[in-house]
Amino acid sequence: MKITVIHGQEHHGSTYNITRLFLKKLAGENTEVVEFFMPRDTPPFCLGCCNCFVRGELFCPHAEVVQPVVRAIEEADLVILASPCYVFGMTGQLKTFLDHMGYRWMAHRPHPQMFRKIGLAVSTAAGAGAKKVTKDLRQHFFYWGIPHSYGYAKNVWAINWEGVPAKRKAWIEKEVARLAKKILKKLGKVKPGIKTKAVFKAMGMMQKTDWNPADREHWAKNGWLSGKKPW
Ligand SMILES: Cc1cc2nc3c(=O)[nH]c(=O)nc-3n(C[C@H](O)[C@H](O)[C@H](O)COP(=O)(O)O)c2cc1C
């Protein structure tokens, strides 16, 4: 099994420590864990050139930074997106990376392997907003084609991990263990639900128009315009 983690921050606070707890519960002997830390691994801001959509992802001026992360996502069985809540949203550096994944949305060129993966979104906030972050991150999973995702959102009532009392940490560990067990049970058995199938079908209909030749070619090459499905 391969797990790819995109940390929306570099520091080792509550979000990082909770993500580590997940990895401890999820990763076995044969698990390969690949981690990226934003902003260390974040490309510069998207320039809005739309080269990725129209000419191809390798024409993105930031392809050299973006593509290794994208490849690791595509190779993973489980993708983890983790971010502290900053003003009711994910960190800016994570959003900057995710902007560069726009071409992988179902409306464009979803990777065929996406439809068998699981996503896990992790977020912490001091008092409010963590749930909004995991909801946003799970929306990214969905539009990448990942049919099954989980969210772990925690208002930790602290501004760092040291400030979280031992009793709350123990409770968090229990919740993490429970969710990790669920995820492990589901790995390798994911099937797209009705919503993924409906969006994929609608996008397929759009690809038959003159929407974007680069996207259309991707859909045709995968056989998706002649009835083949990625699942
Ligand atoms: C720029 C910034 C914005 C924040 N915005 C929120 C917020 O909207 N709601 C909230 O409850 N906490 C907010 N916080 C607090 C953090 O979300 C909270 O302490 C979180 O657990 C930090 O995670 P970390 O330890 O992984 O950095 C903010 C912190 C920073 C630095």
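Scroll up to find the structure this text is about.
Keep in mind that this is a model prediction, so the values were computed, not measured.

1. Here we look at helix α1 (residues 14-26)
Between its terminal C-alpha atoms α1 stretches 18 Å, which fits the 18 Å expected from 13 residues at 1.5 Å a residue. Taken together, the buried positions of α1 are occupied by S14, T15, Y16, I18, T19, L21, F22, L23 and L26. Residues of α1 that are buried sit in contact with β1 (2-7), β2 (32-37), β3 (78-84), β4 (118-125), β5 (148-155) and α6 (166-186).

2. Some words on the site of the ligand
Near the ligand lie 17 residues; those nearest to it are H11, T15, C85, T124 and G127. Between the ligand and T124, the relevant distance is 2.7 Å, taken from an oxygen atom to a side-chain nitrogen or oxygen of the residue. In the complex, 73% of the free accessible area of the ligand, which totals 640 Å², lies under the protein chains. Contributions of two or more residues to the shell around the ligand are made by α1 and β4.

3. Considerations on the sheet that holds β5
Strand order in the open sheet made by the five strands is β2-β1-β3-β4-β5, with parallel pairing throughout. Edge strands, defined here as strands with exactly one partner in the open sheet, are β2 and β5. Looking at each pair of strands side by side, their axes are set apart by 15° on average, direction ignored. In this fold α1 packs onto β1, β2, β3, β4 and β5, with an angle of close to 145° to the strand it touches most, β4.

4. What to know about the side chain of R104
Of note, R104 is situated in the loop between α4 (92-99) and β4. Only 2.8 Å separates the side chain of R104 from the side chain of E74, close enough to count as a polar contact. Setting aside anything within four residues of it in sequence, one finds R104 in contact with E57, V70, E74, R109, P110, H111, Y143, W144 and H218.

5. Quick notes on unusual backbone geometry
A cis amide bond links M38 with the next residue in sequence, P39, at an omega value of 15°. Of note, P39 is situated in the loop between β2 and α2 (51-54). Within the chain, C50 stands out as a residue other than glycine whose phi angle is a positive 65°. Relative to the helices and strands, C50 resides in the loop between β2 and α2. Of note, the phi angle at W157 is positive, near 55°, even though the residue is not glycine. Note that W157 resides in the loop between β5 and α6.

6. Details of the nonpolar core
In this structure, I6, I73, F97, L98, L137 and W144 are the most contacted members of the largest nonpolar core, which totals 38 residues. Top contributing element to this core by residue count: helix α5 (residues 130-144), with six residues. Leave out the neighbours within four places in its chain, and L98 touches L81, M90, L137, H140 and W144.

7. So, the pattern of salt bridges
Going through the model one piece at a time under the given rule, you end up with 14 salt bridges. With a closest N to O distance of 3.2 Å, R116 and D77 form a salt bridge. Taken together, the residues R116 in the loop between α4 and β4 and D77 in the loop between α3 (63-75) and β3 connect sequence positions 39 residues apart. D77 gets classed as partly exposed once you look at its relative accessible area, which sits at 22%. Between R109 and D215 there is a salt bridge whose closest N-O contact spans 2.9 Å. You can see R109 sitting in the loop between α4 and β4 and its partner D215 sitting in helix α8 (residues 213-221), a full 106 residues away along the chain. Here D215 falls in the buried class, since its relative accessible area comes to 0%. Overlapping salt bridges bring together E57, E74, R104, R109 and D215 as one network.

How each quantity is defined
Each residue is numbered by its place in its chain's sequence as written, counting from 1. Whole-chain, interface and lining totals are the exception, using all residues; otherwise, since this is a predicted model, local features are given only for residues with pLDDT of at least 70 and side-chain atom pairs are given and counted only at 80 or more. Hydrogens and waters are ignored; side-chain quantities use all the structure's heavy atoms. Secondary structure elements are taken from DSSP: a helix is a run of H or I of four residues or more, a strand is a run of E of two residues or more, and numbering for both begins at the N terminus. Here the expected length of a helix is defined as 1.5 Å per residue gap, with one fewer gap than residues. Per-residue accessibility, obtained with a 1.4 Å probe over protein chains only, is compared with the maximum for each type, and a residue is labelled buried under 20%, exposed over 50%, and partly exposed between these values. Residue contacts follow a heavy-atom distance rule, with two residues in contact if any of their heavy atoms lie within 4.5 Å. Whether a residue is near a molecule or strand is decided by its heavy atoms; if any one of them lies within 4 Å of it, the residue is near. Throughout this description, a polar contact denotes any pair of N or O atoms lying within 3.5 Å of each other; where both atoms belong to protein, one of them has to be capable of donating a hydrogen while the other can accept it, and for residues adjacent in sequence the pair is counted only when both atoms sit in side chains. The protein chains shown are the only cover counted for residues, whose accessible areas, like all others here, come from Shrake-Rupley with a 1.4 Å probe. We call two strands paired when DSSP finds no fewer than two bridges between them. Whenever a helix is involved, its axis is fitted only over the stretch in contact; in every case the axis is a line through C-alpha atoms, and angles between N-to-C directions fall within 0 to 180 degrees. Put simply, a nonpolar core is a bunch of buried Ala, Val, Leu, Ile, Met, Phe, Trp, Tyr and Cys residues held in one set by side-chain atoms that sit within 4.5 Å of each other. A carboxyl oxygen of Asp or Glu within 4 Å of a side-chain nitrogen of Lys or Arg is what we treat as a salt bridge.

The analysis is restricted to geometry; functional conclusions fall outside its scope.
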